[in-house]
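Chains, contacts and geometry: an overview
Below are the chains, spelled out letter by letter.
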Amino acid sequence: TFFDSVLLGTPVAMASLYTDADNLDKPSIAIAAGPFVFMYRHLRPYFKFTVPPLEVNAAELGVWTSLKDGKKDIPEAAKELAELRDKGVDVTTRTVEFLSLDDESERIMF
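The notes below deal with the structure included here. (Residues numbered from 1 in each chain as written. Predicted model: local features only at pLDDT ≥ 70, side-chain atom pairs only at ≥ 80, totals over all residues. Heavy atoms only, no water.)

1. Notes on the pattern of salt bridges
Any two side chains of opposite charge can pair, given that their charged atoms come close. For the coordinates displayed, the defined rule picks out two salt bridges. Two residues, glutamate 80 and lysine 72, come together in a salt bridge whose shortest N-O distance is 2.7 Å. For glutamate 80, a relative accessible area of 23% translates into the label partly exposed. Here aspartate 86 ties to arginine 85 by a salt bridge, and the two come within 3.2 Å at their closest N and O atoms. Judged by its relative accessible area of 60%, aspartate 86 falls in the exposed class. The class of arginine 85 is partly exposed, set by a relative accessible area of 37%. (Salt bridge = Lys/Arg side-chain N within 4 Å of Asp/Glu carboxyl O. Buried < 20%, exposed > 50% of the residue type's maximum accessible area, 1.4 Å probe, protein only.)

2. Regarding helix α1 (residues 58–68)
Here α1 has its buried residues at Glu60, Val63, Trp64, Ser66 and Leu67. Angular distribution of buried residues about the axis of α1 spans 160°; they occupy a single face of the element. Turned more than 90 degrees away from the buried face of α1, the exposed residues are Ala58 and Lys68. The secondary structure elements touched by the buried residues of α1 are α2 (74–86) and α3 (93–100). Taking the backbone nitrogen of alanine 59 as reference, a side-chain oxygen 2.8 Å away marks asparagine 57 as the first, capping residue of α1. Just beyond α1, the residue with positive phi is glycine 70, at close to 80°. (Helix = DSSP H or I, 4+ residues; strand = E, 2+ residues; numbered from the N terminus. Arc of directions from axis to C-beta. Contact = heavy atoms within 4.5 Å. Polar contact = N/O pair within 3.5 Å; in protein donor to acceptor, adjacent residues only side chain to side chain.)

Fair warning: the whole summary comes from geometry, so function is off the table for now.
Encoded structure:
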């Protein structure tokens, strides 16, 4: 919880910003959690933005589905996801995070 408000997801980013040009001594706070950005003003909930979903590349989705179904092993999936990324395909943050793991045991836990 943030003060007395329940967030609808795990917070992943936070920023302070000024929403009122006449009141520059008290910034508002924006918290990103899940598909939402929560704005707090004077330490109270002020606004909730919903971020529109992005379409996942079909090839990337296919690799993740094959991995989940046991049709691919982790090294093979990692190689295919890296090839997609290297070809300039806009991959999801899930893939970027997965590829950033160096150890195969970390990838298994992922």
